[in-house]
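Per-entry structural report
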Amino acid sequence: MTEKLLRDVEYNYNHINERIAEAAEKSGRSREDITFLAATKTVDAEVINYAVSLGLDHIGENRVQELLSKYDAYDLEHCSLQFIGHLQSNKVRQIVDKVDLIQSVDSFKLAKEISAQSFKRGKVTDILVEVNIGREENKSGVYEENLEELLCQISELPSISVKGLMTIPPICDNKHKISNYFNNMHKLFLDISQKKLDNISMTILSMGMSADYYEAILAGANMVRVGSALFGARNYT
């Protein structure tokens, strides 16, 4: 770690918190109503832990192998570790006892495997169901017209608890368009909440990343997943 990197992370952390607070106030809520989760893909554990020392209390990994390689180094006494990337059923057993929440459940097959592996370990795993709000063929997530059916199927499983929804909308530079996706997602979230489905709790709406977390909060998100705006541009080499 360099001094400049640490200074940048601290500056970014404070700036993001200010923006979250501003957006929360504009949407009729307070800063405490919004969970700031840091997306930590490619970020060294030392840097993650430095952000945790500043007050960051939620982190999310996208890849199973990377999560496992950094697991022993995370400061998990002071933060919640979540899985936020696409998860294959055959990898569930590797992380189910290591994370507090799996955000990216998009099929009954995956939910069933999480249920089975959680049951073996005597725990209940909290999940979010991922919605493909932009109907993109190359993206994971359930289409909105199939969401209620999937939720009803998952509700019958033991050792798994649905806590809400997450989404990754299409990439676009138009703030109006991105806000429309977020508003549609929030409406879906409210519609499901009002149905009061058995064993389904709609408490978390996870949407918004580095480029659009402000708009997501204005539209109703109560969890945002911010990576490059906190840690800087990703190094994929």
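Being a predicted model, the structure only gives us computed values, none of them experimental. Throughout this description, residue numbers start from 1 for each chain and increase along the sequence as written. Local features are withheld for residues below a pLDDT of 70 in this predicted model, meaning they are given only at 70 or higher, and side-chain atom pairs are given and counted only at 80 or more; totals for whole chains, interfaces and linings count all residues. Each side-chain value is worked out from all heavy atoms of the structure, with water and hydrogens disregarded.

**Section: the pairing of strand E2 (residues 58-61)**
- Residues of E2 alternate between two faces, with His58 and Gly60 on one and Ile59 and Glu61 on the opposite face, all of them buried.
- We call a crossover right-handed when, viewed with both strands directed away from the observer, the connection leading from the first strand over the helix to the second proceeds clockwise. Only DSSP runs of H or I covering at least 4 residues are called helices, and only runs of E covering at least 2 are called strands; the numbering of each starts at the N terminus. Chirality of the crossover, the property in question, places the unit of strand E1 (residues 35-39), helix H2 (residues 45-54) and E2 among those that are right-handed.
- Bridge count for E2 against strand E3 (residues 80-83) is 4 bridges, and the pairing is parallel. Bridged to isoleucine 59 within E3 is leucine 81.
- Note on the crossover from E2 through helix H3 (residues 64-70) to E3: the handedness is right-handed. Residue burial is assigned from relative accessible area. The probe radius is 1.4 Å, only protein chains are included, and a residue is buried under 20% of its type maximum, exposed over 50%, and partly exposed in between. Should DSSP find at least two bridges between two strands, the strands are regarded as paired.

**Re the packing of aromatic side chains**
- Aromatic contacts are taken between Phe, Tyr and Trp rings whose centres are within 6.5 Å, Trp giving its six-membered ring; a plane angle under 30 degrees counts as stacked, one over 60 as edge-to-face, and the others as tilted. Counted under the stated rule, the structure contains 2 aromatic pairs.
- Here tyrosine 13 and phenylalanine 36 contribute two aromatic rings whose centre-to-centre distance is 5.7 Å and whose plane-to-plane angle is 20°, an arrangement assigned as stacked. With tyrosine 13 in helix H1 (residues 3-26) and phenylalanine 36 in strand E1, this residue pair connects regions lying 23 residues apart in the sequence.
- The exposure class assigned to phenylalanine 36 is buried, which follows from its relative accessible area of 4%.
- With a centroid separation of 6.4 Å and 90° between ring planes, the pair formed by tyrosine 71 and tyrosine 74 is classed as edge-to-face.
- Charge over a ring is defined by NZ of Lys or CZ of Arg lying within 6 Å of the ring centre and within 35 degrees of the ring normal. Note that arginine 19 overlies the ring of tyrosine 214, its terminal NZ or CZ placed 4.0 Å from the centroid.
- Across the ring face of tyrosine 71, the terminal group of lysine 98 is positioned such that the distance to the ring centre comes to 5.5 Å.

**Details of the pairing of strand E8 (residues 223-226)**
- Because side chains alternate across E8, one face comprises the buried residues Met223 and Arg225, and the other comprises Val224 and Val226, equally buried.
- Judged from the 4 bridges that link them, E1 and E8 form a sheet pairing that is parallel. Paired with phenylalanine 36 across the two strands is valine 224, which belongs to E8.

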